[in-house]
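# Geometric and topological summary
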Amino acid sequence: DPGICVASLDRGLDTDHPDIGGTLTDGSAQVARCYDFSGLRECTVAGYTPDTDHGMGVYGIIAARTDNNEDVAGIAPNTRQIVMERPSLTSANYPDVLLWAAGFTTGNSSSGWPAEPLANGADIISCSHGSDGLALSGIMDDTFQDLANNGRGGLGTVVVYSAGNANSLITGFRTWAAHPNTLAVANSAQPDGLGVERKVGTSNFGPEIDVCAQGQGAPSLDASGGQQTFGGTSAAAPTVAAV
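Residues numbered from 1 in each chain as written. Predicted model: local features only at pLDDT ≥ 70, side-chain atom pairs only at ≥ 80, totals over all residues. Heavy atoms only, no water.

### Describing the nonpolar core
Selection criterion: To form a nonpolar core, buried Ala, Val, Leu, Ile, Met, Phe, Trp, Tyr and Cys residues must be joined to one another through side-chain atoms within 4.5 Å. Working definition: with a 1.4 Å probe on protein chains only, accessible area under 20% of the residue-type maximum means buried, over 50% means exposed, and in between means partly exposed. The numbering of helices and of strands both runs from the N terminus, where a helix is a DSSP run of H or I of at least 4 residues and a strand a run of E of at least 2. Contact definition: two residues touch when any of their heavy atoms are within 4.5 Å.
Met84, Tyr94, Leu98 and Tyr161 are the most contacted members of the largest nonpolar core, which totals 35 residues. Breaking this core down by element, the ones donating at least two residues are strand E1 (5-10), strand E4 (80-85), helix H2 (94-101), strand E5 (124-127), helix H3 (138-150), strand E6 (158-162), helix H4 (175-178) and strand E7 (183-188). At six residues, H2 tops the list of elements feeding residues into this core. Sequence-distant contacts of Met84, defined by excluding residues within four places in its chain, comprise Ala7, Ser8, Leu9, Asp10, Arg11, Gly12, Tyr35, Phe37, Val97, Trp100 and Ala101. Membership of the second largest hydrophobic core comes to 29 residues, among which are Ile62, Ile124, Ala213 and Phe230.

Here it is, written out as structure tokens:
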């Protein structure tokens, strides 16, 4: 549905990749907005490139174009996309980036901060990152509650976090994924001989996990105009966000 908007907060976008962009069935652009919150600049400025292939791995799973004889097909390519290169996870700007993507007015006065409120903010925000052992701050707790209570016109913005790949309990360890107002996604393997999907050995676990998704050997896009094999909970999270 082109009326649905998915945001990926990750490592940026290769805007020239042949398997992204174009128009949706309603005539709107697939990439509604791309912004670099690390450098506080538009992704369209001369010289901008994603800092790694990671963001393209996330994006390809969600929205790689279909029926175009290019690379792979994403799960939800006919949805509008907001793509962001994230700031440092300990940056004071980080919680405001989540709120900005959801269409809130943050009042952030950082030089280069994009105009707000963002029209037609994200319904879903996919986050394939986290910080091991980082305590949950009051501002992040407030941010997640605000998104859940007031996002999407009061329906709640769906915020998805990868659980991480340290084979550890996420309780008190990956606090953003473990928060009650986010979806924590673990990584499962392809079904075994008995048809059972099992946790991949590296995937984090715990009572706060909301869902598992297959994130092993996922075909996706890279930042050089081609493909990559993507994996881990970083691939499982955008799979859930797209579905």
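### Re the sheet that holds E1
Neighbouring strands of a sheet are bound in pairs by backbone hydrogen bonds; such pairs are parallel or else antiparallel. Formally: At least two bridges found by DSSP between two strands are what make those strands a pair. The axes are straight lines fitted to the C-alpha atoms, using for helices just the contacting stretch, and the angles between their N-to-C directions are given from 0 to 180°.
Read from one edge of the open sheet, eight strands run E3-E2-E4-E1-E5-E6-E7-E8, paired in mixed fashion. The sheet is open, and its two edges are formed by strand E3 (41-42) and strand E8 (211-214), each paired on a single side. Direction of pairing for E1 relative to E4: parallel, over a ladder of six bridges. The residue of E4 that forms the bridge with Val6 is Gln81. Seen against the sheet, H2 touches E1, strand E2 (31-36), E4, E5 and E6 and runs at an angle of roughly 165 degrees to E4.

### Observations concerning the pairing of strand E10 (residues 227-230)
Going residue by residue along E10, you find Gln228 and Phe230 tucked away on one face and Gln227 and Thr229 left uncovered on the opposite face. Bridge count between strand E9 (residues 218-221) and E10: four bridges; the pairing is antiparallel. Paired with Ser220 across the strands is Gln228, a residue of E10. Between E9 and E10, which pair antiparallel in sequence order, lie five residues; one of them, Gly225, sits at a positive phi of approximately 85 degrees.

### Overview of the environment of Ala166
Locating Ala166 in the fold gives a position in the loop between E6 and H4. Look at Ala166 and you get partly exposed, because its relative accessible area is 37%.

### A word on the state of the cysteines
Convention followed: We call a pair of cysteine sulfur atoms a disulfide when they lie within 2.5 Å.
One pass over the structure, following the stated rule, counts one disulfide. Disulfide pairing is shown between Cys34 and Cys43; the S-S distance is 2.4 Å. The sign of the -75 degrees torsion about the S-S bond sets the Cys34-Cys43 disulfide as left-handed. Looking at Cys34, the relative accessible area reads 8%, which means it is buried. With no disulfide of its own, Cys212 lies closest to Cys127 among cysteine sulfurs, the gap being 18 Å. When its relative accessible area of 44% is taken as the criterion, Cys212 is described as partly exposed.

### Quick look at H3
Filter applied, for reference: Helix span, as expected, comes to 1.5 Å for every residue beyond the first. By definition, the arc is the one covered by directions from the helix axis to the C-beta atoms.
Spanning 13 residues, H3 covers 18 Å between terminal C-alpha atoms, matching the ideal 18 Å at 1.5 Å per step. Those residues of H3 that sit buried are Met140, Thr143, Phe144 and Leu147. The buried residues of H3 occupy an angular sector of 95 degrees when the element is viewed end-on, so they sit on one face. Elements that come into contact with the buried residues of H3 comprise H2, E6 and H4. Downstream of H3 by a residue or two, Arg152 has a phi angle that is positive, lying close to 50 degrees.

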